[in-house]
Amino acid sequence: AQSVTQPDIHITVSEGASLELRCNYSYGATPYLFWYVQSPGQGLQLLLKYFSGDTLVQGIKGFEAEFKRSQSSFNLRKPSVHWSDAAEYFCATSSGNTGKLIFGQGTTLQVKP
Amino acid sequence: NAGVTQTPKFQVLKTGQSMTLQCAQDMNHEYMSWYRQDPGMGLRLIHYSVGAGITDQGEVPNGYNVSRSTTEDFPLRLLSAAPSQTSVYFCASSYSRGASGNTIYFGEGSWLTVV
């Protein structure tokens, strides 16, 4: 069965530092992969998505993610974190051809001044 | 999250009460779904629908009912609320069954507390 694992429950980085959030997936075929962000008390906003093609995906707010089939990973990166990036981040994959999303447990990002 | 509207945003229920969370989208999306979000567990699929008149269970369907009489609306019903249903609920929609090339849009969430 498909699954997504986000190994880091909580990450703290200093403002201006680089960021990498980890995501590992389990799926036999090429998965559809997504990163969503949720600010406190808010809904989910799509940062980026990967379906096929170029394995380095650019998203909104300066985020990017790289699909690595050999490592079953889809890590999210940002070169310089801003205080407004503090939020919870979810990696997700879609279940086959149904459009259903399977989410990881989420990673809470705290940004230190 | 333009296009997917959830109501109410906040609700407090007593154990045993019933209520309906409303979800509507104006994008003519075939696919709609309901998730619940609990700390440390991400979002889990409750029910989903691939078109009007068609619904199916997700990962955590117990205690919830859904129907899809129109393309636009996908209400989630709690028939007899339990404290374990205290959660944040999200409705989502997309153009087609497959996520390929299509963005899945989320509503802003409904915070439900059962006391």
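Residues numbered from 1 in each chain as written. Chains lettered and ligands numbered in written order. Predicted model: local features only at pLDDT ≥ 70, side-chain atom pairs only at ≥ 80, totals over all residues. Heavy atoms only, no water.

Once that is clear, we can look at the nonpolar core. All names here are of chain A. Counting residues in each nonpolar core, the largest one holds 25 residues, and the members touching the most others are L19, W35, L47, L48, F74, L76 and Y89. Listed by contribution, the elements that provide at least two residues to this core are strand 2 (10-14), strand 3 (19-21), strand 5 (33-38), strand 6 (44-50), strand 8 (64-68), strand 9 (73-78), strand 10 (87-95) and strand 12 (107-112). When sequence neighbours within four positions are dropped, the list of residues in contact with Y89 reads Q6, L21, W35, Y36, V37, L47, F63, L76, G106, T107 and L109. (Core = buried A, V, L, I, M, F, W, Y, C linked by side-chain atoms within 4.5 Å. Buried < 20%, exposed > 50% of the residue type's maximum accessible area, 1.4 Å probe, protein only. Helix = DSSP H or I, 4+ residues; strand = E, 2+ residues; numbered from the N terminus. Contact = heavy atoms within 4.5 Å.)

Once that is clear, we can look at the sheet that holds strand 3 (residues 19-25) of chain B. Residue and element names in this part refer to chain B. Strands sit in the order 1-3-8-7 across an open sheet of four strands; the sheet is antiparallel. A strand with exactly one partner marks an edge of an open sheet, and here the two such strands are strand 1 (4-7) and strand 7 (64-66). Geometrically, the sheet is characterised by an average inter-axis angle of 20° between neighbouring strands, direction not taken into account. (Pairing = 2+ DSSP bridges. Axes fitted to C-alpha atoms, helices over the stretch in contact; angles between N-to-C directions.)

We now examine unusual backbone geometry. Between T7 of chain B and P8 of chain B the backbone carries a cis peptide bond, its omega angle lying at -5°. Inspection of the secondary structure puts P8 of chain B in the loop between strand 1 and strand 2 (10-13). A positive phi angle, near 50°, is found at S72 of chain A, a position not held by glycine. As for its position among the elements, S72 of chain A is in the loop between strand 8 and strand 9.

Applying the stated criterion across every chain, the model contains seven salt bridges over all chains. Measuring nitrogen to oxygen at the nearest pair gives 2.8 Å for the salt bridge that ties D38 of chain B to R44 of chain B. For the pair formed by D38 of chain B and R44 of chain B, the shared burial category is buried. Sharing partners across several salt bridges, the network here consists of E64, E66 and R77 of chain A. (Salt bridge = Lys/Arg side-chain N within 4 Å of Asp/Glu carboxyl O.)

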